[in-house]
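Fold and geometry: a report
Spelled out from the first residue to the last, the chains are:
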Amino acid sequence: MTEIPGSNITQSENGDLEAQQFVAGSRLSPAELKTLFLFEALDDDQLQWLSDNGVVEHRAGGTPIYTEGDEAASFFVMLSGTVAMTARVGDTEVESNRTNQRGVYGGATQSFLRGESLSPKNYTNSLRAVTDCELWVIGAHDFGERIREWFPMAMHLLQGIAMGLRRSQSLIGQRERLLSLGRLTAGLTHELNNPAAAAVRATAALRERVSKMRRKLSHLAGANVDAEALVVLTELQESAVERMAKAEKLSPLQVGDAEDALTGWLEDHGITDGWDLSPSLVAAGVDEGWLDEIADTLPPELLADGIHWVAYALETEQLMMEIEDSTERISALVAAAKQYSQLDRAAHQDIDVRDGLLSTLTMLQYKIKQPGNITLVKDFATDLPIIPAQPAELNQVWTNLIDNAIQAMPDGGTLTVRTALENDQVLVEICDTGVGVPHELQQKIFEPFFTTKPVGEGTGLGLDISYRVVTQRHGGDLRVVSKPGDTRFQVRLPINQPPAG
């Protein structure tokens, strides 16, 4: 190792430069600045100006370097340590990057651009020291002016590019959000409509049955039925309801035969509307033997009223069960939507990936049902550990991958969602039996704006966003393995907190 004169830099045998401990408030020499990749192509005069105008600052681990919304007064280059960049999304701080790479920069990164819309006056994100950090700091105004002076042509190009990108990203990002919101809204409303409509129908039928029970009670009261007979009728109701709770599930053929048998029994005993009563009686597990017991218990003149009374009670109970089932399904859908969007939850938490996959499948259930011949297979491992993650962002990944898999099978097929424990990672596979991804496109599908869909049907951002969420935000890996009839998008997520870098 040899030391570079007048600097805090040592040079190894192979020529690499390594930084030593810096003194807060000191200035870096031109030789030290040249070791930072951002300044390695500058000439001596430019390096000297930077040396004269920038200083070294120290930040203790856990303290902010700058905060989103504050005046963008400084440009920072990291010399040592680990930093994390975050941005506010609503009331939550979302971490976008964490790194220990020497030479990374942040702060007033657009100070050299002119114009209100291009050069923000406030920091657009926050930077925090994860460990003790040494930073080289320079004033944003002077730095921006000098960069424009040194590279005038580059500034014109950058301003044009920045303006164009900002406009296109705003339009495309808005369209992507609207498409995603539209998909989820359509799915949720479709799934909510079925149980809601069932509850409405059951409520209307329940009102009718209760009305009939009131009329039947009025008829019994007017027939001067003695108290003992009313007690018997009440006991028959309770017995029938208990019998219904224990009734075995019959096949459609068995149900048809049982209804025919009960209808015949009722007609033989002078009850002409047996065809209307038999379905509710069969659903409660009533058979001819039990009807014989009722006939032996009740006086002949009360048999028809008694059986109607019991049938109405059973129908009422069945309708209430249907309403309960419908409202439980609505509650489950709302819970799935809340879990999917991660409302009222921290952005970063310890999760079971199966919960996110199940809620996403619930949200997309209507799309799975649309073709009518897609078979869903859930193959979830039981030994998956809880992992640290951003669940709302992972749910967006599952949405993109599952939605793509469904679209890859317009004529139907098998959608498989599989999880497994693979060494020190959790593996999630979204598999479809579509035509597959050609080998020459498999390396391009994760690029921004690349899409194989027809014009107007895709933005080309879904897989790019998914890739960045998995790799950059979670330290994982996303890849595709595909051949005709077997395409697998494989997401691997680390069990432990992802390392910096």
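Below is a summary of the structure that appears in this document.

Moving on: the overall build of the chain. For the chain, the helix and strand inventory stands at 13 helices and 18 strands. Relative to its full complement of 501 residues, the chain shows a buried share of 42%. Contacts in the chain between residues far apart in sequence, at least 24 positions, make up 74% of those at least 6 positions apart. A total accessible area of about 26,500 Å² is found for the chain, and carbon and sulfur atoms account for 53% of it.

The five strands are arranged 13-15-16-18-17 in an open sheet whose pairing can be described as mixed. What marks the edges here is a single partner per strand, and that holds for strand 13 (374-379) and strand 17 (477-483). Between one strand and the next, the sheet's axes are offset by a mean angle of 15 degrees, whatever the strand orientation. Judged from the seven bridges that link them, strand 17 and strand 18 (residues 486-494) form a sheet pairing that is antiparallel. Looking at strand 18, one finds that aspartate 477 is bridged to arginine 492.

Our next topic: the packing of aromatic side chains. Applying the stated criterion to the full structure yields six aromatic pairs. Aromatic pair phenylalanine 39 and tryptophan 136: ring centres 5.4 Å apart, planes at 75 degrees, arrangement edge-to-face. Taken together, the positions of phenylalanine 39 in the loop between helix 1 (30-34) and helix 2 (44-53) and tryptophan 136 in strand 11 (residues 133-139) put the pair 97 residues apart, joining distant regions of the chain. Here phenylalanine 39 matches tryptophan 136 in class, with each residue buried. Ring-pair connections join several aromatic residues into one group, and the members of that group are Tyr66, Phe76 and Tyr123.

Two numbers describe how helix 6 (residues 252-268) lies on helix 7 (residues 274-283): the axes approach to 8 Å, and their chain directions differ by 130 degrees. Taken together, the axis directions place helix 6 and helix 7 in an arrangement best described as oblique. Remark: the crossing between helix 6 and helix 7 carries right-handed chirality. Facing Val255, Ala258, Glu259, Leu262, Thr263 and Leu266 of helix 6, the residues of helix 7 in contact are Gly274, Trp275, Leu277, Ser278, Pro279, Leu281 and Val282. Here the residues of the contact of helix 6 with helix 7 are counted per class, giving nine nonpolar, three polar and one charged.

A word on the environment of histidine 58. Tracing the backbone shows histidine 58 in strand 4 (residues 54-59). Sequence spacing of histidine 58 and glutamate 134 is 76 residues, and the spatial spacing of their C-alpha atoms is 4.7 Å. Once residues lying within four places of it in the same chain are set aside, the contact partners of histidine 58 are Ala24, Asp132, Cys133 and Glu134. Of note is the side chain of histidine 58, whose polar atom sits 3.4 Å from the backbone oxygen of cysteine 133. A distance of 3.1 Å separates the side chain of histidine 58 from the side chain of glutamate 134, its partner in a polar contact.

A separate point is the sheet that holds strand 4. In spatial order, the strands read 4-11-6-9; together these four strands make up an open sheet with antiparallel pairing. A single partner strand is all that each edge strand has here, and the edge strands are strand 4 and strand 9 (105-107). Along the sheet, successive strands turn relative to each other by an average axial angle of 35 degrees, direction set aside. The pairing of strand 6 (residues 74-80) with strand 9 spans three bridges and is classified as antiparallel. Paired with phenylalanine 75 across the strands is glycine 107, a residue of strand 9. Contacts from helix 3 (residues 140-150) reach strand 6 and strand 11, with the element oriented near 70 degrees to strand 11.

Another point: helix 8 (residues 288-297). Residues of helix 8 that are buried include every one of Trp290, Leu291 and Ile294, and no others. Taken around the axis of helix 8, the buried residues stretch over an arc of 100 degrees, which confines them to a single face.

Moving on to the nonpolar core. When a protein is soluble and globular, its nonpolar side chains tend to lie buried together. Trp398, Leu415 and Ile430 are the most contacted members of the largest nonpolar core, which has 36 residues in total. Taken together, the elements giving at least two residues each to this core come down to helix 10 (353-363), strand 14 (387-389), helix 12 (391-407), strand 15 (413-422), strand 16 (425-432), helix 13 (462-473), strand 17 and strand 18. Once residues lying within four places of it in the same chain are set aside, the contact partners of tryptophan 398 are Val353, Gly356, Leu357, Thr360, Val428, Val491 and Leu493.

Parameters and conventions
- Residues numbered from 1 in each chain as written.
- Predicted model: local features only at pLDDT ≥ 70, side-chain atom pairs only at ≥ 80, totals over all residues.
- Heavy atoms only, no water.
- Helix = DSSP H or I, 4+ residues; strand = E, 2+ residues; numbered from the N terminus.
- Buried < 20%, exposed > 50% of the residue type's maximum accessible area, 1.4 Å probe, protein only.
- Contact = heavy atoms within 4.5 Å.
- Areas by Shrake-Rupley, 256 points an atom, 1.4 Å probe, with all protein chains shown as cover.
- Pairing = 2+ DSSP bridges.
- Axes fitted to C-alpha atoms, helices over the stretch in contact; angles between N-to-C directions.
- Phe/Tyr/Trp six-rings, centres within 6.5 Å; stacked < 30°, edge-to-face > 60°.
- Parallel < 35°, antiparallel > 145°, perpendicular 65-115°, else oblique.
- Left-handed = near helix turned anticlockwise from the far one by under 90°.
- Nonpolar A, V, L, I, M, F, W, Y, C, P; charged D, E, K, R; others polar.
- Polar contact = N/O pair within 3.5 Å; in protein donor to acceptor, adjacent residues only side chain to side chain.
- Arc of directions from axis to C-beta.
- Core = buried A, V, L, I, M, F, W, Y, C linked by side-chain atoms within 4.5 Å.

Read these as layout, nothing more, since geometry by itself doesn't imply function.
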